[in-house]
Amino acid sequence: MHRGDVFRMRRSFILSGSVYLLIVILLIQAVCAKEFDDDDDEVTFRDFNLNVGDRIDLGDYQMELIEIQSVRDGLVVMRISKIGGSLDEQRALLLDSSNNFDGGAETKGVTITLADIFDEQSAKVRVEYLPSIGTARKRASVRPTVAPDKPELSVEKIFEKNQMSVGDEVKVTIIVKNTGTGQAQNINVQDMPPLPKFIYVAGYPPKIKETLGPGESDSAVYVIDAVKEGSVPVPAMIVTYTDSKNNAKSNSSEPFNVLINPKSKADLAIRIEEVSPIALDDERLLNISISNLGTASATRIEVTGEVSPSQGLVASDLDRSFFEILPGEEANYSAKLSGQKAGGYTVHLKASYDDGDGYVIRESTAQLAVLEREYKYQYLLLIIPVAILVAWIYRRYREYKY
Amino acid sequence: MLNVLVLGVGQCGNRILDSINKEAFGGNGASKLAKYYLHPKFPSRVETLAINTAVNDLKELRFTTAKDRLHVPNLHGVGANRNVGKQAFMDNRDMIMGEIEKRGDFDVAFVITSTSGGTGSSFSPLLINELKRQYRNITVITVAVLPFREEGSIYLQNAAFCMRELMEVEAEGILLVDNQYIKRFSGDIATAYDKINGMVAQRLLFLVESLDSEMLSVTDLGDFKTVMNGGLRIGTMGFYQADSKNLSIRDAIENSFKPANLLYPANVADDAARAMVIIQGSREHLDVDEITKEIERISSSAGHVFKGIVVRKGRPKVLSVFTLASAPELESIYAQAARGMQDEKEKRSRARKQLDDAFAHIEDLEEIY
């Protein structure tokens, strides 16, 4: 390339860049002139979302969110200071109320309004000012984030079993757990046991620590007895506590139902197997089963039997003892019957046992018959001679028939 | 024990045989149903056989077993024709003798027959010959029944010829039973037949029983044969049972020879050749002296008399058997038969002549159609 061409190209490049730069400068000046015109005219405002510790710088003013004092009451604390020391004020701001500093925005001061409180760590703040004093900018806090002090207690009430019988002892466990981040204080549990379906035995009222740090839990156990059958609603249990700022809080457990069945008892049933009639001088086994249909063990079972009328049917091994028959199980045994006289007989069995509450008696009877001596082929006594006679006569008839 | 064969030939023989079987069931006292509940009781081993060409006659029998009824197939009888009867026997001889042979061996045979009928009168002489030929030592006694005289000329003719043939065979003797004679003591013919049959049966079984019994005084089959060989070898039997009013054994013996108790009209004192007296009764009635005296009395006129005494409980019973030295009644039968035959012959020739005269009317004529 020619040296003259290079020179021409460099010169045109510089020329066009200067033009562009000039245009940009002119545009910036035009915008700035407009802003200055506005600042001079009226109050402007700007909204900021601040976390605790965040600061808004506006000219010489510095506005820092110190604390969210009460979310419920809509109260935060902000500190407003001015470089030079002419203003250094910490003020509690109420939601939606304007707070003027240095006479307010109209008089080259600032007006701060708490627009919203998000939670205990953040809030929305509107700053009104004249543009002439500067531009409001947010300076995020450089302080490390302090964990929020927010205790959260959960409470749980657990019955050892949801179904029980009258007289059963039940353990009730109360568990209080701090699942929050702050310490819970003045913890108080209000438990209303389902009276009068239960009676207290021990451990009531449950004692729970007064304070629980984050993640800590405490439990208490008390024992009650079921006294009345039925479905029993167990009401919710309430725990009340305060956080470090003495804010009162509470939580409650879920209500639920437990079922109290009738008291567990042994219930014996005697079953005597049906026996077909006994032939005279014949022997037969009488099968007896004693089953426990109850929900508790029957103990010290004594079975005694007698036959009426007492003569004519001999029964041996009718009496029997068992130490225990578990619920749902049965004990079987056999007695030997010997028919010695025809007739109808009644076998009466009586079982006494302890059902857990005391001695109970159960009885059962069975009817038996001892048959008359059976002459099974008695008819042959008639038929055979007649048949022989007929055969004889027929033979003779054939013998003489010509 | 005697082995006895009783053959009833022809209708009359069958009926007497049936009466013998009935007698074995208890005689006249036996119920008609006795055969259904009793066994026949014979004194010895007695085999009976009823032989007939007429099956209906065999069917009439009541006390004879079916196996003891032998039908000789010849249509329905021989129609009183002895020639037909003889032919029928010869045609069936093997079958008849085979049936007899099945019954074993025999010591004595009684052939019971009517002399007047067809089957009996024609079969019996031939049958006796066959028996004598087949059984070497057998004693054959013919019980020949003479007909009622009014029964007809053919029956008399048959009786005459039958008797002659029976006399000619080698049988030990003939015991005559005269229906005409016995009928005097009975009512109607049916009753007379029953009574005659019963009498013959009773006497024959008494005879068999006596010949085979333990006797106080012995008579046996040999004595019986000797008696039957006497005289004409024709005899008859008398029987008497003492009644409770008169138990005298002497009277009983005497009564047994009286005409009223005989089966054929004969006078012992005049006609008897040899005799046998068999006495049965309780011991207290059997006075041997009395018996001997009475036998001696009979012997004085009747020739030799055998006596046998059987002690058995009951009133005295006496059976007398005797052979005849003369038989005047037979002669009268033959005379009557000859007359009848002559009359028949004349009647037939007259009828023939009448028929020939009748035919003479059409002798030269031809049938015209």
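Residues numbered from 1 in each chain as written. Chains lettered and ligands numbered in written order. Predicted model: local features only at pLDDT ≥ 70, side-chain atom pairs only at ≥ 80, totals over all residues.

Caption draft 1: Structural context of the overall build of chain B. Scanning chain B from terminus to terminus reveals 13 helices and ten strands. Per-residue burial over chain B gives 48% buried out of 369 residues. For chain B, long-range pairs separated by at least 24 residues make up 81% of all intrachain contacts whose partners lie at least 6 apart in sequence. (Helix = DSSP H or I, 4+ residues; strand = E, 2+ residues; numbered from the N terminus. Buried ≥ 20, exposed ≤ 12 C-beta atoms within 10 Å, placed from the backbone. Contact = placed C-beta atoms within 7 Å.)

Caption draft 2: Seen up close, the overall build of chain A. Within chain A one finds two helices and 27 strands. Counting only residues that meet the buried cut, chain A has 20% of its 402 residues in that class. Partitioning the intrachain contacts of chain A with sequence separation of at least 6 by distance along the chain shows that 65% fall at a separation of at least 24.

Caption draft 3: Seen up close, the nonpolar core. All names here are of chain B. In this structure, Leu-7, Val-111, Val-177 and Ala-275 are the most contacted members of the largest nonpolar core, which totals 107 residues. Top contributing element to this core by residue count: helix 8 (residues 189–211), with ten residues. Excluding residues that lie within four positions of it along the chain, Val-111 makes contacts with Leu-7, Val-9, Ser-124, Leu-127, Ile-128, Val-140, Thr-142 and Val-143. (Core = buried A, V, L, I, M, F, W, Y, C linked by C-beta atoms within 7 Å.)

Caption draft 4: A look at the sheet that holds strand 3 (residues 61–70) of chain A. All names here are of chain A. In spatial order, the strands read 5-4-3-2-9; together these five strands make up an open sheet with antiparallel pairing. This sheet does not close on itself; its edge strands, each paired only once, are strand 5 (88–94) and strand 9 (137–139). Across the sheet, the mean angle separating the axes of adjacent strands is 25° when strand polarity is ignored. Where strand 3 lies against strand 4 (residues 75–82), eight bridges are found, and the strand directions are antiparallel. Bridging across to strand 4, Gln-62 finds its partner in Ser-81. (Pairing = 2+ DSSP bridges. Axes fitted to C-alpha atoms, helices over the stretch in contact; angles between N-to-C directions.)

Caption draft 5: Highlighting the packing of helix 6 (residues 153–168) of chain B against helix 13 (residues 328–360) of chain B. All names here are of chain B. Contact geometry of helix 6 with helix 13 gives a least axis separation of 8 Å together with a crossing angle of 130°. Here helix 13 runs oblique to helix 6, going by the angle between their axes. Read as a crossing pair, helix 6 and helix 13 show a hand that is left-handed. For the pair helix 6 and helix 13, the contacting residues are Ser-153, Leu-156, Gln-157, Ala-159, Ala-160 and Met-163 in the first and Leu-330, Ile-333, Tyr-334, Gln-336, Ala-337, Gly-340, Met-341, Asp-343 and Glu-344 in the second. Residue composition of the contact of helix 6 with helix 13, grouped by class: nine nonpolar, four polar and two charged. (Parallel < 35°, antiparallel > 145°, perpendicular 65-115°, else oblique. Left-handed = near helix turned anticlockwise from the far one by under 90°. Nonpolar A, V, L, I, M, F, W, Y, C, P; charged D, E, K, R; others polar.)

Caption draft 6: Up close: the interface of chain A and chain B. Opposite the six residues of chain A that make contact, chain B presents eight residues. Residues that form the side of chain A that touches chain B fall into these classes: three nonpolar, no polar and three charged.

Caption draft 7: Seen up close, the packing of helix 4 (residues 82–102) of chain B against helix 5 (residues 119–134) of chain B. All names here are of chain B. Put simply, helix 4 and helix 5 touch, their axes get as near as 8 Å, and they point 35° apart. Taken as a pair, helix 4 and helix 5 cross one another with a handedness that is right-handed. On helix 5, the residues that touch Arg-82, Gly-85, Lys-86, Phe-89, Arg-93 and Met-97 of helix 4 are Thr-119, Ser-121, Ser-122, Phe-123, Leu-126, Glu-130 and Gln-134. Residues belonging to the contact of helix 4 with helix 5 are distributed by class as follows: four nonpolar, five polar and four charged.

Caption draft 8: Main features of unusual backbone geometry. All names here are of chain A. Look at the link from Tyr-204 to Pro-205: it is a cis peptide, with omega at -5°. Note that the residue after Ser-308, namely Pro-309, is joined by a cis bond; omega there is -5°. Structurally, Pro-309 is set in the loop between strand 22 (298–308) and strand 23 (313–316). Of note in this structure, Arg-300 is not a glycine but carries a positive phi near 50°.

Caption draft 9: Expanded view of the sheet that holds strand 21 (residues 283–292) of chain A. Residues and elements named next belong to chain A. Read from one edge to the other, the open sheet built from four strands follows the order 20-21-25-23, with strand pairing classed as antiparallel. The open sheet terminates on both sides in strands that have one partner only, identified here as strand 20 (268–272) and strand 23. The sheet shows a mean angle of 25° between the axes of neighbouring strands, direction not considered. Both strand 20 and strand 21 contribute to a ladder of five bridges, which runs antiparallel. Bridged to Leu-268 within strand 21 is Asn-292.

Caption draft 10: Structural detail: the environment of Val4(B). Residues and elements named next belong to chain B. Tracing the sequence through the fold places Val-4 in strand 1 (residues 3–9). Taking the number of C-beta atoms within 10 Å as the measure of exposure, Val-4 has 25 and is therefore buried. Once the C-alpha coordinates of Val-4 and Glu-47 are considered, the two residues, 43 residues apart in sequence, prove to be 6.2 Å apart. Those residues in contact with Val-4, other than ones at most four positions away along the chain, are Ser-44, Arg-45, Val-46, Phe-106, Asp-107, Val-108 and Val-208.

Caption draft 11: Structural context of the environment of Ile83(A). Take Ile83(A): it is sitting in the loop between strand 4 and strand 5. Between the C-alpha atom of Ile83(A) and that of Asp60(A), which follows or precedes it by 23 residues, the distance is 5.1 Å.

Caption draft 12: Representation of helix 4 of chain B. Residue and element names in this part refer to chain B. Bending of helix 4 peaks at approximately 70° at the position of Asn-92. Within helix 4 the residues assigned to the buried category are Arg-82, Gly-85, Ala-88, Phe-89, Asn-92, Ile-96 and Ile-100. Close packing links the buried residues of helix 4 with strand 1, strand 2 (45–52), strand 3 (69–71), helix 5 and helix 6. Just beyond helix 4, the residue with positive phi is Gly-104, at close to 100°. (Bend = angle between axes of the 7 residues up to and from the residue.)

Caption draft 13: Just the pairing of strand 7 (residues 110–117) of chain A, in detail. Residue and element names in this part refer to chain A. Strand direction decides the pairing type here: strand 6 (residues 98–101) and strand 7, joined by four bridges, are antiparallel. Bridge pairing links Ser-98 to Thr-113 in strand 7. Between the end of strand 7 and the start of strand 8 (residues 122–129), which pair antiparallel, lie four residues.

Caption draft 14: Summary view of the confidence of the model for chain B. Summarising the model, chain B shows a mean pLDDT of 90, and 98% of its residues fall at 70 or more. If you check the scores for this complex, the pTM reads 0.56 and the ipTM reads 0.80. (pLDDT = per-residue confidence, 0-100.)

Caption draft 15: Representation of the confidence of the model for chain A in the model. Residues of chain A with pLDDT of at least 70 account for 88%, and the chain-wide mean is 84. Here residues 31–39 of chain A is modelled with pLDDT under 50, and outside its nearest four sequence neighbours on either side it reaches five contacts, counting other chains as well.

Caption draft 16: Layout of the environment of Gly198(B). Note that Gly198(B) resides in helix 8. With 183 residues separating them in the primary sequence, Gly198(B) and Arg15(B) have C-alpha atoms 9.4 Å apart.

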